[in-house]
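Summary of structural features
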Amino acid sequence: MGVPSSAASYAAGQDLAPAALRSAGLPAKLIAAGLEVHDEGDLPVQVWTPDREHPLAQNAGQAAESLRQVLTRGDFALVLGGNCTIALGVMAALRRLEAGVPGLLYVDRHFDINTPDSTTDGALDWMGLAHALALPGCVDTLTDAFGPRPLLEPRQVAWLGVQPQRATGWEREHAARLGLHVAASQDLAADPAGAATAALDRLPAGPLAVHIDVDVLDFTDTPLAEDTGGRNTGPTLGQAEQALTLAARDPRARVLSIGELNPTRSAGDPEALPRFADSIARILAATGRG
């Protein structure tokens, strides 16, 4: 399923990602990897526009409406974002399965637990998990979009690839207060399998979602992320693939979602998107669900 939305982003761009991944041959690569593919198509396109009536939490209504339409069918779902708020729609879908307490492996350079009170950016894409956790200062439109709050408890999430120095003071304070499990960017690069194993071991026994924000990757190695600040730091695509492959082999795994991919970033490296699509196909082949 594609979620071509940049409504909750800093600007337009991520809305182009699902179509770009299809153009890079992702469906054919999945089939060639031995997977049976059913394409649900894309949700309606949402392109970011400045929300001057709600400057500190822009386009929350649009984002919530899109995320409520995310579904998971079959043995495994691949959700193509869009921005990182798609993780909320994914977790709401897993909660509806009533197959046990779901878990989320959140592979991202950021915590994404800011709120409209902790930053003046107004971009919900780095506030998504704050709304899932129903932290103080969040916007009811998004926090209440999926039923009873909170959507997630801290024990249901493990972070992989965070660069703490890029977090706000609010995020560092609440990460410590909540006792979040966090593996740093350099740890993921140094030992992808070990970092992923430690994170997975912390998550509950119910269905598992894996979410990757492509800004976790070294931007020089794989220039795909909306946020270009991750230059010469963080894991390469190959190192991230090792961690995600291990997660895909976990019998709890039900969903892989991809966020913050801006296809315009790879104009100078036309092989970046096909390389990324190849990597995703290999990761999903590891699920063993043909």
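As the structure is a computational prediction, the values presented were derived from the model and not from experiment.

**Description of the overall build of the chain**
Scanning the chain for helices and strands turns up 11 helices and 7 strands. Taken against the 2.2 N^0.38 rule, which gives 19 Å for 290 residues, the C-alpha radius of gyration of the chain at 17 Å falls within 12% of a compact globule. When its C-alpha atoms are laid out on the principal axes, the chain stretches across 45 × 40 × 35 Å. The 290 residues of the chain split such that 58% are buried. Working note: accessible area of the chain is about 11,000 Å², and carbon and sulfur atoms make up 52% of it. Here the chain contributes 22 positive and 35 negative side-chain charges, whose respective centroids are spaced 3 Å apart.

**Examining the pairing of strand β3 (residues 103–107)**
Burial runs high along β3: 5 of the 5 residues are buried. Where burial is concerned, the two faces of β3 agree: the one with G103, L105 and V107 and the one with L104 and Y106 are both buried. As paired elements, β3 and strand β6 (residues 208–213) share 5 bridges and run parallel to each other. Bridging across to β6, V107 finds its partner in I212. Where β3 and strand β4 (residues 157–162) come together, 4 bridges link them in parallel fashion. Within β4, the residue paired with L104 across the bridge is V157.

**A look at unusual backbone geometry**
Here the residue pair G81 and G82 is connected by a cis peptide bond, since its omega of 15° sits within 30 degrees of zero. Checked against the element boundaries, G82 lands in the loop between β2 (77–81) and α4 (86–97). Omega for the bond connecting R149 with P150 falls within 30 degrees of zero, at -5°, which places this linkage in the cis form. Residue placement: P150 occurs in the loop between α6 (140–143) and β4. Positive phi, close to 55°, is recorded for E98, a residue that is not glycine. Position of E98 relative to the elements: it lies in the loop between α4 and β3. The phi dihedral of E260 falls on the positive side, at around 65°, and the residue is not glycine.

**Looking at the packing of helix α10 (residues 237–249) against helix α11 (residues 272–285)**
Direction vectors running N to C along α10 and α11 enclose 25°, while the axes themselves pass 9 Å from each other. It follows that α10 is roughly parallel to α11 by the angle criterion. Crossing hand, α10 versus α11: right-handed. Together, L237, E241, L244, T245 and A248 of α10 and R275, F276, S279, R282 and I283 of α11 make up the contact between the two elements. Its residues placed into classes, the contact of α10 with α11 shows 5 nonpolar, 2 polar and 3 charged.

Each value, and the rule that gives it
All chains use their own residue numbering, which begins from 1 and follows the written sequence. Only residues with pLDDT of at least 70 are given local features in this predicted model, and only at 80 or more are side-chain atom pairs given and counted; all residues enter the totals for whole chains, interfaces and linings. Side-chain metrics rest on all non-hydrogen atoms present in the structure, leaving aside hydrogens and water. A run of DSSP states H or I qualifies as a helix once it reaches four residues; a run of E qualifies as a strand once it reaches two. Both are numbered from the N-terminal end. Radius of gyration: over C-alpha atoms. The globule rule applied is 2.2 Å multiplied by the number of residues raised to the 0.38 power. Between buried and exposed lies partly exposed: a residue is buried under 20% and exposed over 50% of the maximum accessible area for its type, with that area taken using a 1.4 Å probe on protein chains only. Using a 1.4 Å probe, the Shrake-Rupley method yields the accessible areas, and only the shown protein chains count as cover for residues. When charges are counted, Lys and Arg contribute as positive and Asp and Glu as negative, whereas His and the chain ends are disregarded. Just so you know, the charge point we use is NZ for Lys, CZ for Arg, CG for Asp and CD for Glu. Any two strands are treated as partners once DSSP identifies two or more bridges connecting them. Note on definitions: angles span 0 to 180 degrees between N-to-C directions of axes, and those axes are lines fitted to C-alpha atoms, for helices only across the stretch in contact. Orientation categories follow fixed angle ranges, with anything under 35 degrees roughly parallel, anything over 145 roughly antiparallel, 65 to 115 roughly perpendicular, and all other angles oblique. Handedness of a crossing is defined here by the sense of rotation of the near helix relative to the far one, left-handed for an anticlockwise turn of less than a right angle and right-handed for a clockwise turn. The contact rule is simple, with two residues in contact once any of their heavy atoms fall within 4.5 Å. The nonpolar class holds Ala, Val, Leu, Ile, Met, Phe, Trp, Tyr, Cys and Pro. Asp, Glu, Lys and Arg form the charged class, and all remaining residues, Gly among them, are polar.

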